[in-house]
Structures are given as C-alpha cells and as structure tokens.
Amino acid sequence: MKFGYFDDKALEYVITTPRTPLPWINYLGCNDFFSIVSNTCGGYSFYKDAKMLRITRYRYNSMPLDSNGKYYYIQDGDVTWNPGWQPTQTPLDFYECRHGIGYSRFTAKKNGLKADLLNFVPLHDTCELNRLTLTNESEAPKSFKVFSYVEFCLWNALDDMTNFQRNLSTGEVEIDGATIYHKTEYRERRNHYAFFSVNAKPDGFDTSRDAFIGIYSPASAPDAIRNGGCTGSVASGWYPVAAHELHVTLTPGESKTFLFVLGYAENPKDRKWEAPNVINKAPARRLLAKYQTTEGADAAFAELKAYWENLLEGYHVESRDEKVNRMVNIWNQYQCMVTFNMSRSASYYESGIGRGMGFRDSCQDLFGFVHLIPEKARQRIIDIASTQFEDGSAYHQYQPLTRRGNADIGSGFNDDPLWLIAGTAAYIRETGDFSILDESVPFDNDEATCVPLFEHLTRSFEYTVAHKGPHGLPQIGRADWNDCLNLNCFSDTPGESFQTTGPSEGPIAESVFIGGMFVRYGKDYAKLCAHRGLLDKAKAAMTEVQKMEQTVLSAGWDGEWFLRAYDAKGQKVGSHECEEGKIFIEPQGFCVLAGIGVKEGKAEKALSSVEKHLDTKYGIRILAPSYSHYYLNLGEISSYPPGYKENGGIFCHNNPWVSIAETVLGHGTRAFDIYKKTCPAYIEDISEIHCTEPYVYSQMVAGSDAKYFGQGKNSWLTGTAAWTFVNISQHILGICPDYDGLRIDPCVPKGFGSYTVSRRFRGAMYRIHISNPDHVEKGIRKLTVNGKEVSGNLIPITEGVTKYEVEAVM
Ligand code: BGC
Ligand code: NOJ
C-alpha cells in the first residue's frame, strides 16, 4: 500500500494522507540553521547543534506520536483545524504534504477555505520561513482567525527536559510588535536569542504556554482558542512560547499571505543590549526586513531551489529504470547531504542529545557527499582528524558546535582510524586535491601538536599494524563497525553502557572485518605514500597489506565464508562451528570488495554463502541465525530480540557492501537485485509493512526472525545513504572517480539497456553514454572521449577541457 507518490519533475514526494504509518519527515536547512518537519507539521529547530542550541521544544516518546511542532490553527466558525492536520486532527476536505529538497509544503482545505503552507530555511540566514496563504474558495465572504504557535526550548535540550528545578524559573521573553523574542539566559552568559514574528499587526499574542494552551489542556484544544482569543501573556519562568492571533476576512476567491519567521540571532558581547535589560534586536530586524516581504521570501525560495538543482546536476542519470533515476538523481543524493550535515545527531530516532558527530560515521558520510560540495568535505576531514589521538586512535564521537571529542565515550573503536584514510582518499579521488595532505592538523584539538594530515593517515595505518591479536588479525577494541559486537565488554549489570564497559583494548579479540578494511584502505594509503614520493613507505605499506590479506585468507576463513572475529578467549565468532551467529555479512562484503579471495575462489564462495544463508525478500540479514539469548562474551549484539538491529536485522548499511562485492566478481544481475531489495523507491508499494519514509533509506529493516519482518526503523541518518550512492553511482552504473580521472566500469544486469550519466568532475562536465549491445554484465570494450578512442577504461584529464562527451561500449 502507498500513502503518496513521487513527483519526480518537482523533486518531491507527495503524501496524500496525514495518517502515515510513522511520521514521515523532511529536513530544512543546509548550513547552520536546521529544522526537522514531519508530514503533520511536527518537529523542531536548532542552530548548529541539536543538543546545545535547540530553538524549539520537541517531545520524543510523546503521544499521540509526533505531537509538538510549529502549528497554525485556523478557527473558522465552530471548526478549528490545522493545515498539517496535527494537533487538532480535524478531518480535512483535502490534505497534501509535499516534501521537497530542503522545503515542505502543506496544502489543506476545510469548508471552502484553503491553506497553503510553505516551510523552508533560506540558504544564507539563520531562520525558517513559513509562508501561509489562505484562500477563500467558497461562494461567500469568510471571516476567521489564524493562530500561530511555537514552543521554545531553553537551549540545552538535555537540560531542558531534565532540570526543572532551575528551568521553570529562568524563562524570559520580550515582545516588540509582532515579534516575540525568546531570551532565556541572555541576561547572563548567552549572547543569542530566538524570535518568532509575522508580517502583520497581530490581533493578539501569548508568550506563556499556560495561558495559550492551558495547564490541563492538550495542544489540540488550546484554552486561548476556545475562550475567544489570546490573552497577551508575558512569560516569566515556566514555559515561554510564541503565539499570534490574526483576524482575517476574505471575499470569495480572495487570498491573503502571511510570512512567519522563526529566527536565531547572536550579538557581539559588547553590543548585547539596546537599553538596560532590553536585548539588541538589530540582527533580528535585519532578517525580518529581508524575509517579511513576499518578494524577499519568494527570492529566497527561488534561490534555494536553484542551489539544489545545480548541486544535483553533479550526478544525473537517464536510464530506462525510473526508480533508479529518481533515487540517484534526487533522493539518495539528498539523503547524503542530510547525513553529512546531521551525522547521527537529530532525527525522529536520534534525539539530538545523544551522539553528535560520529568519527566513523562522518568519514563514511563523506563518500556520498564529496561530489556535491567538496570544500565542505575538506573542512570536515580536518575537523574529524583533529579529534584523533597521537597514537592513531580516535574519539568515537565529537560535538558539532565545539568540534571537541566526546570524553564520555572516548576511543577504542578500532575501525575508526582506518575510516579517516577512506574519507580522505574519497576526497582526493573526487577532487585531485592532494594538498589536503599538507594541511596542518592537531591531535585532540591541541594546536601544539599540529602535523600534516598525511601524518594522521600514517598514524591510522600504523595503529592497526601495531594492534594485532594472536592470529595476526587486527584487535577489535571496544568494537569495529558493528558497535554491538562487544568482545571485551562482559557486561552483566543492567543499564551499563555496552560501548564503554570493560577494557577498551583486549589483546586477544580480533576482527576479520577490520582486516578487510585494512586491505582495502591500506592500498589507498600506499598510493598516497607513492604520490608523495615516499616509495619505500609505499612498499612497506603494501607488504603489510599483503600480509594481512594472507592472514584473512587463512585465519579469517571458515571453509565456506569469512569468519567474523575471534572473541576475548580466542573462540570463533561467525563460524559454522558456532551454535548461533554462524555467518555475518560484514566480512563477506568487505573482504570481497577489498579484493580478498578473488583469485582463490573464496570470494565466490563467500558471496554464495551470503545468498544461501542471509538473503531474504527484503534484503540481506546482518547475521544468521540470530542470537536467541544474551551472550556475555558478545555484548549488545545479543541484547536485541532476534531479527532486530544488529541481531539479525537487515542492516541496510552493509547490503551495498555485498552488492559492490558482487560487482567485483562481475555479477551485475545479482548486484542490482541486492540494490533493489532495500532501495526505497522499489518498496514504496509495501509502505504499510515497511512503515518508514519511501523516499529515504532506513538504518534497519526487521529481519526474518523478527515478528515484524520487513518493518523499517531509524530512517534518514544512516551510512546506508552514502554506501548505496557509492554502490549505484560508482559500481553499478560504473562512474568511478579515481586519482587520475574518471574510471568507467559498469556492472549491470544484462537487460539494463543503455543509459547516460552527466557528471561534474574537477570543474568539467562529463556526458557519458554507455551502451551494451551484447548484453554483458561487466566491462568496457571501447571508450571514446571527445571523438577519440582511448585504451583502457580511464578518461584521461586534458588541461583546459571543460566538456567531455564520452561513448562507452560494454
Ligand atoms: C545501536 C547501534 C549504534 C550504537 C551507537 C547501539 O545501541 O544498536 O546501531 O551504532 O548503539 O552507540
Ligand atoms: C550505527 C552507528 O552509527 C554506526 O557507527 C555503526 O557502524 C552501526 N550502527 C552498526 O553498529
């Protein structure tokens, strides 16, 4: 069943009922000011950091689900309704939510009145605009009231939801005409405030939640609306909100537009005040002047649309498969941008106060983002590397605002260092900008320790070399990519953190997966050494890589597939000898994509075993059989009920690893089949089973051992976005950025047909037409670049050429 449809021309997903199986959300904002908005106007805003600078309040775990947001109430006669349906849930005569790229648009009709609400964050400013247009579609004049409502958060979102003994006394506001300022803690150490304004003279306002909604009333039936209007309350402590009341009269056919702005502003310390205890409103007034005219708002929206259209032109495919086209050209790239911006901080499943930026997550997010805005990726690499320690290990997470490593979780995730090589290599492949390796970057943000970025990569590489276990495989530490495989944890106390309990470095437990990573990214490291003229270093690195490859093939091989790990007692994990968790997806995907076992036939075997033991109709499970009880020696992985999350769920993140691995072996049909199974556009029809948004990937789909097999969870913020984009764009469609140029290496199903990719690359536009007259699955037999045939599959870069017409014949 579907709950909407794709409008590819408009780059939108159109939701046609508010009763989606879960809130289906969108993100507004590309730079510093961000909002989450659901298809019923739920969500919240923050500036840069969802924990430290939360602007509006949201209630996770609330009921009804998704019940705080930015709401507009329309009181028309006896009926009060919302354009986004929530919170009144008044049945609408028409409802539509169009989630677009960086904006959401709601259209609703009730009793002859139409509301059109457009929400977006302008590109260059720290505010969200809500443009509300009301049209009288009835035959008679209409007089009605509009109420706006936002609830402020007292900045630190965690403190806001826990420290009531203080917070209920600190709230402060100022009111200046139609603008309500939220200035809690401004009197002391903060020099920022938020504001909510409308470009009309309001007929009333409230700034106290108790006055507007009421102490014992639900948001669906605010006291002020039921009792005849706003009360003019001035919040002092308790719960500061901003609500406007507007009286509107429309003749038949007449429309009226209101522009609401929710903004954030900062003042220099010495210019905080306009008068004693009166905040300096100049920055807010500047924003309001810009956006509270129809021309200003329209221009900002047009600019946002043009910005995105231009970005998305960087990779555009025209194939016979419209679902591939829509995912590649629109939604997958969009999700990559969002994951790059948010890491794992703020979504409907990440509360914004938990994880901040992940080291490994951010490095991988780069893969799908770097072609969009390489300069931002460059800065991100430097920020991430700045949280590395001198021994090559790294903080597992850091806070976006301070860019400081998060000491609560610390380090010891032994895959982290290698992801830094991976992210940097992806950046250089895209841009050819080797100069990043010379950037001076500190360890643990201590400027006194600055060294060139290249030295950070060396430390990453050497960290693995120096931390091997008894079989010569990398030690796993707290965990590798699979945060839940905690082999050194041994937690038997409820509530204890699996991530930080136990010694971070066990000398025995080893990871085959990190072995695969080391082979894959160790080769990149060796190439970078060679490029710097460090030939001995490059050679030594390759010797280490080959040694690891042999170790994985021997100590990491189980007979029919790659082992997952050795635990702290040296016992096998992910072996046919195990009672449960006999086979894991990660080493099969990663070792084969690293090229391990290809010539020995082990790669073929491993992938057949995946198909045999892990495949389901909704994707490949992370392991099988799922663990049926808790294993002290394995940790969190066995804490989940069978079929969920890391315990046998379909982890969408590593499905593309297997798909890429299949392309390494030339299996185009199978690679594409794997791609389709988790790809949102292909499973739109089962939205009632899948539940999460049909336009973005979820982290996990419940596996076949779960009660709700096929149900998605944790949509949006997942490394799946980047890896699926890498898979489809580079390995299946085969347009792969390499150090010396674009490599054309498609691997498609026999009947995929010819297709064309437009690709922006190093300042030039490439138009690449790929035909497949012999219906093969892999390989280019003829490559013509600007009319000249070239040998091999690399498009050589010619100085000064900005347009490449490429013909590739498979
Ligand atoms: C989740 C993992 C996640 C980890 C982060 C676990 O509870 O299952 O997916 O990586 O938390 O701390
Ligand atoms: C989600 C985490 O963000 C990511 O870092 C981890 O690799 C996966 N879960 C698997 O555990």
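Computed from a predicted structure; not experimentally measured.

Enquirer: Mind showing me how you'd approach helix α12 (residues 512–531) here?
Expert: In an α-helix there are 3.6 residues to a turn, and that puts residues three or four apart on one side. A rise of 1.5 Å per residue sets the reference length of α12, with its 20 residues, at 28 Å; its end C-alpha atoms lie 29 Å apart and thus fit the reference within 8%. Along its length, α12 reaches its greatest deviation from straightness, about 25 degrees, at Y521. Two to three positions downstream of the cap, the backbone nitrogen of F513 sits 3.2 Å from a side-chain oxygen, assigning the N-cap of α12 to S511. Among the residues trailing α12, G533 stands out with phi positive, at a value near 80 degrees.

Enquirer: Please explain the pattern of salt bridges as it appears in this structure.
Expert: Between side chains of opposite charge, a pair can form when the charged atoms approach closely. A complete count under the given rule lists 57 salt bridges for this structure. Across the pair D705 and R621 runs a salt bridge, and its minimum N-O distance is 3.9 Å. Here R621 lies in the loop between β32 (619–620) and β33 (623–624) and D705 lies in the loop between β35 (698–701) and β36 (712–715), a separation of 84 residues in the sequence. R621 gets classed as buried once you look at its relative accessible area, which sits at 12%. Residue R781 is joined to D774 by a salt bridge in which the shortest nitrogen-to-oxygen separation is 3.4 Å.

Enquirer: Sorry if this is basic, but what is going on with the site of ligand 2 here?
Expert: Around ligand 2 lies a shell formed by R344, R355, R360, D361, W481, N482, D483, E646, F651 and Q699. In the model, an oxygen atom of ligand 2 is placed 2.7 Å from a nitrogen or oxygen of the R360 side chain. With respect to ligand 2, the backbone of W481 contributes an N or O atom lying 2.5 Å from an oxygen atom. Protein contact buries 94% of the 290 Å² of open area that ligand 2 shows by itself. Considered class by class, the residues forming the shell around ligand 2 number two nonpolar, two polar and six charged.

Enquirer: Even after reading the chapter, I still don't get the site of ligand 1, so can you show me in this structure?
Expert: In the vicinity of ligand 1, the residues found are R355, D483, C484, Q499, E636, Y640, K645, E646 and Q699. For ligand 1, an oxygen atom lies 2.5 Å from a polar atom in the side chain of Y640. In the environment of ligand 1, an oxygen atom lies 3.2 Å from a nitrogen or oxygen atom belonging to the side chain of K645. Per-class residue counts for the shell around ligand 1 are two nonpolar, two polar and five charged.

Enquirer: I keep staring at the sheet that holds strand β15 (residues 179–182) and nothing clicks. Help me out?
Expert: Within a sheet, neighbouring strands are paired by backbone hydrogen bonds and run either parallel or antiparallel to one another. The 10 strands lie next to each other as β1-β2-β9-β10-β11-β12-β19-β16-β15-β14, forming an open sheet whose pairing is antiparallel. Two strands in the sheet have a free side with no partner beyond their single neighbour: β1 (4–7) and β14 (173–176). Across this sheet, the average inter-strand angle for adjacent strands is 15 degrees, counted without regard to direction. In the sheet, strand β2 (residues 12–15) pairs with strand β9 (residues 94–99) via three bridges, with the strands oriented antiparallel. Each residue of the ladder has a partner; that of I15, found in β9, is C97. Seen against the sheet, helix α6 (residues 294–312) touches β10 (103–110), β11 (113–120), β12 (127–136) and β19 (255–266) and runs at an angle of roughly 60 degrees to β11.

Enquirer: When you look at the side chain of Q399 in this model, what are you seeing that I'm missing?
Expert: With respect to the element layout, Q399 can be found in the loop between β24 (397–398) and α10 (416–431). Beyond its immediate sequence surroundings of up to four residues, Q399 is in contact with D49, K51, G356 and R404.

Enquirer: Could you clarify how one ought to interpret a nonpolar patch on the surface in this entry?
Expert: On the surface, a nonpolar cluster with roughly 250 Å² of combined accessible area is contributed by F490, Y630 and L632. With respect to the element layout, L632 can be found in the loop between β33 and β34 (650–651).

Enquirer: Would you explain unusual backbone geometry in this entry?
Expert: When glycine is set aside, most residues are seen to have a negative phi, and most peptide bonds are trans. The peptide bond linking M63 to P64 adopts the cis configuration, its omega dihedral lying at -5 degrees. The peptide bond linking Q86 to P87 adopts the cis configuration, its omega dihedral lying at -5 degrees. Inspection of the secondary structure puts P87 in the loop between β8 (79–81) and β9. A positive phi angle, near 50 degrees, is found at S343, a position not held by glycine. Structurally, S343 can be placed in the loop between α7 (322–342) and β23 (357–358). The class of S343 is buried, set by a relative accessible area of 0%. Although it is not a glycine, N445 adopts a positive phi angle of roughly 60 degrees.

Enquirer: I tried to follow the pairing of β11 on my own but got confused; where do I start?
Expert: For a regular strand, the rule is simple: side chains alternate between the two faces of the sheet. Of all eight residues in β11, seven are buried, a share of seventy percent or more. Pairing between β10 and β11: eight bridges, direction antiparallel. Bridge assignment links S104 to a residue of β11, and that residue is N119. Taking the residues that link successive antiparallel strands as the turn, the β10-β11 hairpin has two residues, and the phi of N111 there is positive, at about 45 degrees.

Enquirer: In this structure, what is going on with a negative patch on the surface? I would like to understand it.
Expert: On the surface, E390, D391, D446, E447 and E505 cluster together into a patch of negative charge. By the secondary structure assignment, E390 is in the loop between α9 (374–385) and β24. We classify E390 as partly exposed; its relative accessible area is 47%.

Enquirer: What is the right way to read empty space enclosed by the protein from this model?
Expert: A probe matching the size of a water molecule, rolled over the atoms, marks out where space remains unfilled. Throughout the structure, instances matching the rule amount to eight cavities of 30 Å³ or more. When its volume is computed, the largest cavity comes out at roughly 60 Å³. Every residue lining the largest cavity is listed: Y27, G29, C30, F34, G102, W308, Y334, M337, V338, N341 and M342. It is α7 that provides the largest number of residues to the lining of the largest cavity, a total of five residues. In terms of residue class, the lining of the largest cavity is built from eight nonpolar, three polar and no charged. Approximately 50 Å³ is the volume attributed to the second largest cavity. What lines the second largest cavity is L28, S35, I36, V37, C41, G42, G43, Y44, G69, K70, N119 and E128. Among the residues making up the lining of the second largest cavity, the classes are represented as five nonpolar, five polar and two charged.

Enquirer: Could you clarify how one ought to interpret the pairing of strand β26 (residues 446–452) in this entry?
Expert: In terms of strand pairing, strand β25 (residues 440–443) meets β26 through three bridges, oriented antiparallel. When the bridges of β26 are listed, F443 appears paired with D446. What sits between the antiparallel neighbours β25 and β26 is a turn of two residues, in which D444 has the positive phi angle 45 degrees.

Enquirer: Would you take a moment to explain the packing of aromatic side chains for this structure?
Expert: Counted according to the given criterion, the structure contains 63 aromatic pairs. Each ring, one from Y58 and one from Y60, has its centre 5.0 Å from the other, and the planes form 75 degrees; the classification is edge-to-face. The exposure class of Y60 is partly exposed, given its relative accessible area of 22%. Taken together, a centroid distance of 5.5 Å and an interplanar angle of 90 degrees make the contact between W481 and F651 edge-to-face. Of this pair, W481 sits in the loop between α11 (453–466) and β27 (510–511) while F651 sits in strand β34, and the two are 170 residues apart along the sequence. The structure contains a cluster of three or more aromatic residues connected by ring pairs, namely F3, F6, Y13, W24, Y27, Y307, W308, W331, Y334, Y695 and W716. Positioned above the aromatic ring of Y239, the side-chain terminus of R209 is 3.7 Å from the ring centre. Here the guanidinium or amino end of R380 rests over the ring plane of F340, the centre of that ring lying 3.8 Å away.

Rules and cut-offs
- Sequence order as written defines residue numbering, which begins from 1 separately in each chain.
- Written order decides the labels, with chains lettered from A and ligands numbered from 1.
- Thresholds applied to this predicted model are a pLDDT of at least 70 for local features of residues and 80 or more for the giving and counting of side-chain atom pairs; totals over whole chains, interfaces and linings are not thresholded and use all residues.
- The side-chain numbers reported here are obtained from all heavy atoms of the structure, hydrogens and water having been left aside.
- In DSSP terms, a helix is any run of H or I states spanning at least four residues, a strand is any run of E spanning at least two, and both are numbered starting from the N terminus.
- What a helix is expected to span follows from its residue count: subtract one and scale by 1.5 Å.
- The bend reported for a residue corresponds to the angle between axes fitted to the seven residues ending at that residue and the seven starting there.
- Polar contact is the term for a pair of N or O atoms within 3.5 Å; when the atoms are in protein, one must be able to donate a hydrogen and the other to accept it, and sequence-neighboring residues count only if both atoms are side-chain atoms.
- For salt bridges, the criterion is a side-chain nitrogen of Lys or Arg within 4 Å of an Asp or Glu carboxyl oxygen.
- Here the term buried applies to any residue with accessible area under 20% of the maximum for its type, exposed to any over 50%, and partly exposed to those in between, with areas from a 1.4 Å probe on protein chains only.
- Think of it this way: one heavy atom of a residue within 4 Å of a molecule or strand is enough to make that residue near it.
- With residues, only the protein chains shown are counted as cover, and all accessible areas are computed by Shrake-Rupley using a 1.4 Å probe.
- As a working rule, the residues Ala, Val, Leu, Ile, Met, Phe, Trp, Tyr, Cys and Pro are called nonpolar, Asp, Glu, Lys and Arg charged, and the rest polar, with Gly in that last group.
- We call two strands paired when DSSP finds no fewer than two bridges between them.
- Orientation is described by axes fitted as lines to C-alpha atoms, over the contacting stretch for helices, and by angles from 0 to 180 degrees between their N-to-C directions.
- In what follows, a contact means two residues having at least one pair of non-hydrogen atoms within 4.5 Å.
- Here the term patch refers to residues with relative accessible area over 30% and no salt bridge, with like charges joined within 9 Å and nonpolar side chains (Val, Leu, Ile, Met, Phe, Trp, Tyr) within 5 Å.
- By the counting scheme adopted, Arg and Lys are positive, Glu and Asp are negative, and His together with the chain ends is not counted.
- A single reference atom marks each charge: NZ on Lys, CZ on Arg, CG on Asp, CD on Glu.
- Cavities and pockets are found on a 1 Å grid laid over the protein atoms alone: a cavity is a set of points where a 1.4 Å probe fits but cannot escape, a pocket is an open set with protein on both sides within 12 Å along at least five of seven lines, and a lining residue has an atom within 4 Å of such a point.
- Grid points are joined across faces, edges and corners, and a volume is the space filled by probe spheres set on the points.
- Two rings from Phe, Tyr or Trp (for Trp, the six-membered ring) form a pair when their centres sit within 6.5 Å of each other. Planes less than 30 degrees apart are called stacked, planes more than 60 degrees apart edge-to-face, and all others tilted.
- Cation placement over rings: the criterion is NZ of Lys or CZ of Arg within 6 Å of the ring centroid and within 35° of the ring normal.

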